[in-house]
Amino acid sequence: MLVLGAGFGGLELGTMLAGELGDEVEVTLVDRNDSFAFGYSKLDMMFRGASLDSVQLPYSHAARSGVTLLREEILSIDPGSRTVTTDAGTHQGDAMVIALGADYDLDATPGLDEFGNEFYSFSGAREAAGPIAEFNSGHAVIGVCGAPFKCPPAPSECSLMLSDELTRRGVRDQCEITLTMPLDTPVPPSPETSAALMDEFEARGITFRGGLRPARLEPDRVIYQDGTELPFDLFLGVPRHRAPQVVIESGITEDGYVPVDFATLKTRVDGVYAIGDVATAGVPKAGVFAEGAARVVAGHLIAQVRGGEAPGPYEGKGSCYIEFGEDRIARVDIDFLSGPERTGVFNAPSIALRDEKTEFGASREARWFGR
Ligand SMILES: Cc1cc2nc3c(=O)[nH]c(=O)nc-3n(C[C@H](O)[C@H](O)[C@H](O)COP(=O)(O)OP(=O)(O)OC[C@H]3O[C@@H](n4cnc5c(N)ncnc54)[C@H](O)[C@@H]3O)c2cc1C
């Protein structure tokens, strides 16, 4: 079995297959990196002084019987024959799971790279920490350049954490913060969460402007597609997302991502599944959903080997933790596919929920990396 990508989805899949099937099947997990890190660590790097080294979990610790982890760059994918070509050779599987996540298209927003700071990649988050530390007065714009984008609450978290940071340094009164998004509300699937965030923004003097997509950045201003212009001294950007080029070139995408059957995560090609951010699966782009999808696919693959019953449909459920500032964390419990309507139940921010978020990360570290 061939698993492409050892992120949230690939790691969970590899762990489940190894746990259930051991050496009964050969699982090959291919990733170009030598380590994994949680997406939310980017905020810790920007606002809590975390170093890249301190948040990386080396794949060498994820080694387990039955799974071969290859550090290789995937150069092409042939879904029909379930074969990939990498910078080190060719690999073929009876089943193939595409879990390559979403990439960023910086060129889609001219000027973003030059005049702004994208904070959605690890290198971008590390670089953004400098301008954030030096920002003492003027206008900070947190701008989302396209939708869909990973972890919908993250730009709101960034705005609140920036406000906290400026307050800590005693310069908040000299700074203005505006958050802009193509979406009309901060977290559309959960009106309760959006309302709580809007209250928090109001209390801290953060301006939220929905329905805005940046067309381009100039040295000191962002120009939106509808002609709106906002001057900035600091621009923290969420770049437009797209599937990795290698996935697009494989011919399996539609409207930018890999369409799958929401219940089974099967693509239209026999024996090929897609999970996580690379797929259009009826759920937001977040690690918890990649992980849930991986469990369903693992169930199908295990049933194929063992001849047992296939798992029930993917329910699209997951809980996301949201930094609300002042060290408090809120939680939204999303259920997109199991009932007649999508729901997003909000749990108010508290210090106690911080322990739960810590436990969320620690439990994955223990499960995937044996820590
Ligand atoms: C600021 C921020 C905060 C976030 N907070 C949260 C949160 O609190 N909770 C949450 O659930 N999610 C959060 N997320 C989102 C989460 O990080 C992603 O949704 C999740 O990682 C997606 O999992 P995935 O398995 O689909 O892809 P990924 O985890 O991105 O894994 C894809 C893997 O594929 C590999 N790859 C890609 N192309 C190639 C290639 N050509 N060759 C070889 N390997 C390749 C990559 O190296 C990577 O390891 C956050 C994201 C950001 C940016």
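Residues numbered from 1 in each chain as written. Predicted model: local features only at pLDDT ≥ 70, side-chain atom pairs only at ≥ 80, totals over all residues.

### Comments concerning the overall build of the chain
In step 1: Tallying secondary structure elements over the chain gives ten helices and 25 strands in all.
In step 2: The C-alpha radius of gyration computed for the chain amounts to 21 Å, which stays within 12% of the reference 21 Å derived for 371 residues, consistent with globular compactness.
In step 3: In terms of its C-alpha atoms, the chain occupies a principal-axis envelope of roughly 65 × 40 × 40 Å.
In step 4: Counting the 371 residues in the chain, one finds 43% classified as buried.
In step 5: Residue pairs at least 24 apart in sequence account for 65% of intrachain contacts in the chain once pairs closer than 6 positions are excluded. (Helix = DSSP H or I, 4+ residues; strand = E, 2+ residues; numbered from the N terminus. Rg over C-alpha atoms; globule rule 2.2 N^0.38 Å. Buried ≥ 20, exposed ≤ 12 C-beta atoms within 10 Å, placed from the backbone. Contact = placed C-beta atoms within 7 Å.)

### Describing the sheet that holds strand β7 (residues 83-86)
In step 1: With antiparallel pairing, three strands are arranged side by side in an open sheet as β6-β7-β8. Each end of this open sheet is capped by a strand with a single partner; those strands are β6 (74-78) and β8 (89-92). Strand-to-strand twist in this sheet, taken as the mean axis angle between neighbours without regard to direction, amounts to 20°. (Pairing = 2+ DSSP bridges. Axes fitted to C-alpha atoms, helices over the stretch in contact; angles between N-to-C directions.)

### Digging into the domain arrangement of the chain
How big an interface is tends to be expressed through the accessible area that disappears when the partners come together.
In step 1: Domain annotation of the chain identifies domain 1 (2-102 + 243-314) and domain 2 (106-241).
In step 2: Using C-alpha coordinates to define each centre, domain 1 is positioned 30 Å away from domain 2.
In step 3: Contact residues are listed per partner, giving 13 residues for domain 1 and 19 residues for domain 2.
In step 4: Of the residues forming the side of domain 1 that touches domain 2, the biggest block, five residues, is contributed by helix α2 (residues 41-47). (Domains from an automatic or database assignment.)

### Structural notes on the site of the ligand
In step 1: In the region of the ligand, 35 residues are neighbours, and Gly5, Gly7, Gly39, Gly101 and Gly276 sit closest.
In step 2: Those elements that provide at least two residues to the shell around the ligand are α1 (8-21), β2 (27-31), α2, α9 (287-306) and β23 (317-325).
In step 3: Residue classes in the shell around the ligand are distributed as 19 nonpolar, nine polar and seven charged.
In step 4: When residues of the shell around the ligand are sorted by domain, at least three fall in each of domain 1 (2-102 + 243-314) and domain 2 (106-241). (Near = placed C-beta within 6 Å. Nonpolar A, V, L, I, M, F, W, Y, C, P; charged D, E, K, R; others polar.)

### A short note on the sheet that holds strand β17 (residues 229-231)
In step 1: Taken together, the three strands give an open sheet; going across it, the order is β15-β16-β17, and neighbouring strands pair in antiparallel fashion. Of all strands in the sheet, those bounded by a partner on one side alone are β15 (214-218) and β17. Direction aside, neighbouring strands of the sheet carry axes that sit 20° apart on average.

### Observations concerning the pairing of β7
In step 1: In this structure, β6 lies alongside β7, joined through four bridges in antiparallel fashion. Across the sheet, aspartate 78 pairs through a bridge with threonine 83, a residue of β7.
In step 2: Linking two consecutive strands that pair antiparallel, namely β6 and β7, is a turn of four residues; a positive phi of about 50° is found at arginine 82 within it.
In step 3: Pairing between β7 and β8: four bridges, direction antiparallel. The residue of β8 that forms the bridge with threonine 86 is glycine 89.
In step 4: Between β7 and β8, which follow one another and run antiparallel, lie two residues.

### Describing unusual backbone geometry
In step 1: The omega angle of the peptide bond from alanine 147 to proline 148 is 5°, so this bond is cis rather than trans.
In step 2: A positive phi angle, close to 50°, is found at glutamate 326, a residue other than glycine.
In step 3: Owing to 14 C-beta atoms within 10 Å, glutamate 326 belongs among the partly exposed residues under this scheme.
In step 4: Here aspartate 327, not a glycine, exhibits a phi torsion of approximately 70°, which is positive.
In step 5: Looking at the secondary structure, you find aspartate 327 in the loop between β23 and β24 (328-335).

### Some remarks on the nonpolar core
In step 1: If you look at the biggest cluster of nonpolar residues, it comprises 105 residues, and the most contacted ones within it are Leu4, Ile98, Leu265, Ile275, Val278 and Val297.
In step 2: With nine residues, α9 is the single largest residue contributor to this core.
In step 3: The residues that make up this core include at least three from each of domain 1 (2-102 + 243-314) and domain 2 (106-241). (Core = buried A, V, L, I, M, F, W, Y, C linked by C-beta atoms within 7 Å.)

### A few points about α1
Every α-helix carries 3.6 residues per turn, so stepping three or four residues along brings you back to the same face.
In step 1: Its 14 residues place the ends of α1 20 Å apart at the C-alpha level, agreeing with the 20 Å of an ideal helix rising 1.5 Å per residue.
In step 2: Buried residues dominate α1, accounting for eleven of its 14 residues.
In step 3: Within α1, burial applies to Phe8, Gly9, Gly10, Leu11, Glu12, Leu13, Gly14, Thr15, Met16, Leu17 and Ala18.
In step 4: Positive phi appears at glycine 22, one or two residues downstream of α1, with a value of about 50°. (Expected span 1.5 Å × (residues − 1).)

### Let's talk about the environment of leucine 69
In step 1: Among the structural elements, leucine 69 can be located in strand β5 (residues 67-71).
In step 2: For the pair leucine 69 and leucine 29, spaced 40 residues apart in sequence, the C-alpha separation works out to 4.8 Å.
In step 3: Once residues lying within four places of it in the same chain are set aside, the contact partners of leucine 69 are Ala6, Leu29, Tyr59, Ala62 and Ala63.

### Comments concerning the environment of leucine 57
In step 1: Mapped onto the elements of the fold, leucine 57 is located in strand β4 (residues 57-58).
In step 2: When the C-alpha positions of leucine 57 and phenylalanine 201 are compared, they lie 34 Å apart, and in sequence the two are 144 residues distant.

### Remarks on the packing of α1 against α9
In step 1: Relative to each other, α1 and α9 sit at 30°, their axes nearing to 8 Å. Between α1 and α9 the crossing geometry is right-handed. Facing Phe8, Gly9, Glu12, Leu13, Met16, Leu17, Glu20 and Leu21 of α1, the residues of α9 in contact are Gly287, Ala290, Glu291, Ala293, Ala294, Arg295, Val297, Ala298, Leu301, Ile302 and Val305.
In step 2: By residue class, the composition of the contact of α1 with α9 is 13 nonpolar, two polar and four charged. (Left-handed = near helix turned anticlockwise from the far one by under 90°.)

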